Each structure stands twice: as C-alpha cells, then as structure tokens.
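Given next are the chains, with one letter for each unit.
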Amino acid sequence: MDLAGIAAVRSWVIEAGLAGAGEPDLLKGFCDRLAVAGLPLSRAAVIIDTLHPVYEGRVFRWRHDQLEARLVHEYGRTEDDAAMADSWRRSPFYHLLQTGDAMLRRHLLRDRVDDFPVLGEFRAERQTDYVAMIQRFASEGAIGEMDCVYSSWTTEHQDGFDERHIAVLAELVPALALAIKCTSLGRIAETLVETYLGRDAGRRVLSGRIARGVADRIEAVLWYSDLRGFTRITDAAPPEQVIPLLNDYAEAIISSVHEHGGDVLKLIGDGTLAIFAAADPGEACHAALAAEALARQRIDALNARRAAENMPITEVYLGLHIGAVFYGNVGSRDRLDFTVVGPAVNEVSRIAAMCRSAEADILMSSAFAAAARAADRARLVSAGRYALRGVAAPQHLYTLDRGVS
C-alpha cells in the first residue's frame, strides 16, 4: 500500500465512525479496503468490553470469503465461567494485557511452537501468519472494564505478512479502534439510560429531552405492584437472600410488562411503577391485564422453583388505574428523574395498598374499569367501595374474576 492508500482507508474509517456506523460495518469496510489495496487479509476479529448488566463484551469477526462481517456473540462475565476464564488466560490478548506489549506476531509456517492454543487452530485452518494487537485507553478514557480494543489479523498467503503489511496494520488499526470505541460508547449510553430510566424514558433522554421541567401530559394506564409480606421476609431471611429474591420477582414482573408494551419507570424497594400508554385507552388496559396474567404465570413457576430449593417465596399484589399524568424531568439542576407525576400516581399506589384489606391480589379503579374493552370489563367484579388515603372521594374498586377467561 502506498501513502495515498493508507490515507484513504484512514479517512474512510474516521468518516464512518463519525457517521455512527455499527461495529460490523466498520470492520467490514476497513478490511475490504485493506484487501483491495493489496494487504492479504483472510480473517480479522475485534473485541471490546462494554458496560452492560449481563454481558462483559462483544466480538466482531470478518472473513474474506463471507459477504458480511458479523457479531459473533456478546460474552458473559469471565469470572462466572471457569472454562471461559481459563481460555482467556491462555490467549494472546491476555498475554499482551499482562506484558504491556502492543503487538504479538507469530508466523505460523516458520514458528512451529504453539505457545497459545488458538495458534494451532489457525494453523489447522491453513492460516500462515497471525498478528494480535491491543489499543489501550488512558484511565480518563476508560468506562468500567472497557479500557482497550483487542484485534487479531491473519493471512493465508503462502509467505505470510511482510514487514510493510505489519507497518500498515500498526498505522491504521488505531483509527479503527477509535471508531469502534465511539460506536460502543453510544451503545453503552443507550444501555445505561434504558436500564436505569426505562426503555421509553431512556430514548427520550437520549433524544435530548433533559431540561428540567420539560414534561408531556399523557393519558396512561398506571401499574403499581408490591411484594406481599416483604418486610416479614426480610426480617426472617438471611441478608444474602434478600437481593436474589428481589431480582427473581423483579425479573418476572418487568419482563412481563415489557413483553406487553409497558415501560417500567421505577423500582421502589419491592415496588414497581410502570405505565402502558396507547392511543386507545382500551388497548392500554388490555395490555396491562395481559402483562398481569403473564406475571402471575411466571411467579407461579418461580415460587415452585424457590420452594423446591427451600427459599422464601411471596406473591405480588397490584393496583391498576388510568389517568392523566405529566411525564418528564423533575428534580434539581444537578439531579433529575424522568418519571410520571400527578394525582393519578398517588392514587394507583393507594389502590395497590388496599389489596390486603380487600383480600385481593389485584385491584382496579373505576376509571380503569370504564376504559377497559367490553371483553375485559366482563371479567371484572366489584371489590367494594373504599376510601383511599390522600384521595378526596371514596372509590369503587374492582378485581378479576379468575374463572372468566
């Protein structure tokens, strides 16, 4: 490759990174251009850690005989998988991380010692040369465990890479790493805001709705659920069981809400506040009832598993209401929350709290009953008239007739 070719590849990857191209597209475009320019690449891989509640990082691969680069997988935490941790410690990347070196090269035809298991695998696949690289970030540029970009490059050319090829990789891979980092940071921001604020609220924040006091008036079904007897359980259960218990029941509830189009806005101890917003109020009510049914199924299965393991179990009680709320940013200049506010939010929490007195696992407001579809309304039965703390007038509440489908 001449200087003009190197400059063209560098310019492309910078422009693609600024344009927000995804990691597979960045890797494919980079490798395709190198190959056209005369660098005999046959395979490439890029690895970057991330900041995610489940996954530790992502792997991207390119092969000269495939039309597309692909995301191989999002890998879990190595400390939770002994086999994966052992494989990592025997890899060239771990060696680079420990030695502080920036590059490792093994000519697979000339160097017959397989000091890393992966080299034998590449040799068996007729690769002739292997280069591993690491682009480290300064401490100020690291996010969690995302402190570098790993990459590997192989060829099946009979002579392997020559020194010009190695020099070109050393010259250009840092630009690719920077573009990959930029894309990954955007993904991290999306993951964090959606994980901690909720899916819809997270998208709104990322779209720029972060000014204090900016809120939309929306009509929504409000969901407020709690765990029955949670205080009693925490008093009796060993402390190390409390967080796993919360996680188990939260998974059953939140996944059910999400699968039926709802958005979870807050986890308040053992409580969950969610909304279902739809142009048709009846559709929103139906979605909330479907989420409730799915959550019950999952909690029944969860309780069977936990009981078999001699772990404490509980049930969920739920209040549903529909009303107008303000949905947006509330707080101080340096600490904001994206949430819903309004009398309806207070009302749904009071409705949920009445489940114990009404001996019901779900209670719905008269407004919810009036807005529900006819088929759903046919499943509702009166639970009586109740005075709700902080609500001016007593209200008729409804529960589900479990015998009506």
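Everything below is about the structure shown above.
So, how was this worked out
Residues numbered from 1 in each chain as written. Predicted model: local features only at pLDDT ≥ 70, side-chain atom pairs only at ≥ 80, totals over all residues. Heavy atoms only, no water. Axes fitted to C-alpha atoms, helices over the stretch in contact; angles between N-to-C directions. Helix = DSSP H or I, 4+ residues; strand = E, 2+ residues; numbered from the N terminus. Parallel < 35°, antiparallel > 145°, perpendicular 65-115°, else oblique. Contact = heavy atoms within 4.5 Å. Nonpolar A, V, L, I, M, F, W, Y, C, P; charged D, E, K, R; others polar. Core = buried A, V, L, I, M, F, W, Y, C linked by side-chain atoms within 4.5 Å. Buried < 20%, exposed > 50% of the residue type's maximum accessible area, 1.4 Å probe, protein only. Salt bridge = Lys/Arg side-chain N within 4 Å of Asp/Glu carboxyl O. Expected span 1.5 Å × (residues − 1). Pairing = 2+ DSSP bridges.

**Student:** Can you help me understand the packing of helix α1 (residues 3-18) against helix α6 (residues 163-197) in this one?
**Tutor:** When two helices pack together, their arrangement is captured by the angle between the axes and the distance separating the axes. One can describe the packing of α1 onto α6 by two numbers: an axis separation of 8 Å at closest approach and a directional angle of 10 degrees. With respect to their mutual orientation, α1 and α6 come out roughly parallel. In this structure, α1 uses Ile6, Val9, Arg10, Val13 and Gly17 to contact α6, whose residues at the interface are Val168, Glu171, Leu172, Ala175, Leu176 and Ala179. Residues that form the contact of α1 with α6 fall into these classes: eight nonpolar, one polar and two charged.

**Student:** Would you mind showing me how to read the nonpolar core here?
**Tutor:** Inside soluble globular proteins, nonpolar side chains tend to come together where they are buried. In terms of nonpolar packing, the biggest core is built from 36 residues, with Val221, Trp223, Phe276, Leu320 and Met364 touching the most fellow members. Within the residue set of this core, elements represented by two or more residues are β7 (215-227), α8 (230-236), α9 (239-259), β9 (271-276), α10 (281-308), β10 (316-331), β12 (362-365) and α13 (366-371). Phe60, Phe161, Val173 and Ala175 belong to the second-largest nonpolar core, a separate cluster that totals 35 residues.

**Student:** What exactly am I supposed to notice about the environment of Ala374 here?
**Tutor:** Position of Ala374 among the secondary structure elements: in helix α14 (residues 374-377). In this structure Ala374 comes out as exposed when scored by relative accessible area, which is 55%. Taking the C-alpha atoms as reference, Ala374 lies 8.8 Å from Gly282; in sequence the two are 92 residues apart.

**Student:** Before we go on, may I ask you to explain the pattern of salt bridges in this structure?
**Tutor:** Any two side chains of opposite charge can pair, on the condition that their charged atoms come close. One pass over the structure, following the stated rule, counts 21 salt bridges. Residue Asp65 pairs with Arg63 through a salt bridge whose shortest N-O separation is 3.0 Å. Taking the relative accessible area as the measure of exposure, Asp65 reaches 49% and is therefore partly exposed. Residue Arg63 is classed as partly exposed on the basis of its relative accessible area, which comes to 27%. Note that Lys266 and Asp337 form a salt bridge whose closest N and O atoms lie 2.2 Å from each other. One end of the pair, Lys266, is in strand β8 (residues 263-268); the other, Asp337, is in strand β11 (residues 336-341), and 71 residues separate them in sequence. Members of the salt-bridge network, linked through shared partners, are Asp248, Arg305, Arg306 and Glu309.

**Student:** Whenever I open this one, helix α2 (residues 23-36) confuses me. Can you help?
**Tutor:** Turn by turn, an α-helix covers 3.6 residues, leaving residues three or four places apart pointing in a common direction. Between its first and last C-alpha, α2 extends 20 Å over 14 residues, near the 20 Å set by a 1.5 Å rise per residue. Taken as a whole, α2 has its buried residues at Glu23, Leu26, Leu27, Gly29, Phe30, Cys31 and Leu34. For α2, the elements touching its buried residues are α1, β1 (43-49), β2 (57-63), β6 (148-155) and α6. Two residues or fewer past α2, Gly38 is found with a positive phi of approximately 110 degrees.

**Student:** Would you explain the pairing of β8 in this entry?
**Tutor:** It is a general feature of regular strands that their side chains alternate between the two faces of the sheet. Sheet topology places β8 next to β9; five bridges connect them, and they run antiparallel. Paired with Asp263 across the bridge in β9 is Ile275. Between β8 and β9, which pair antiparallel one after the other, the connecting turn spans two residues, and Gly269 there sits at a positive phi close to 65 degrees.

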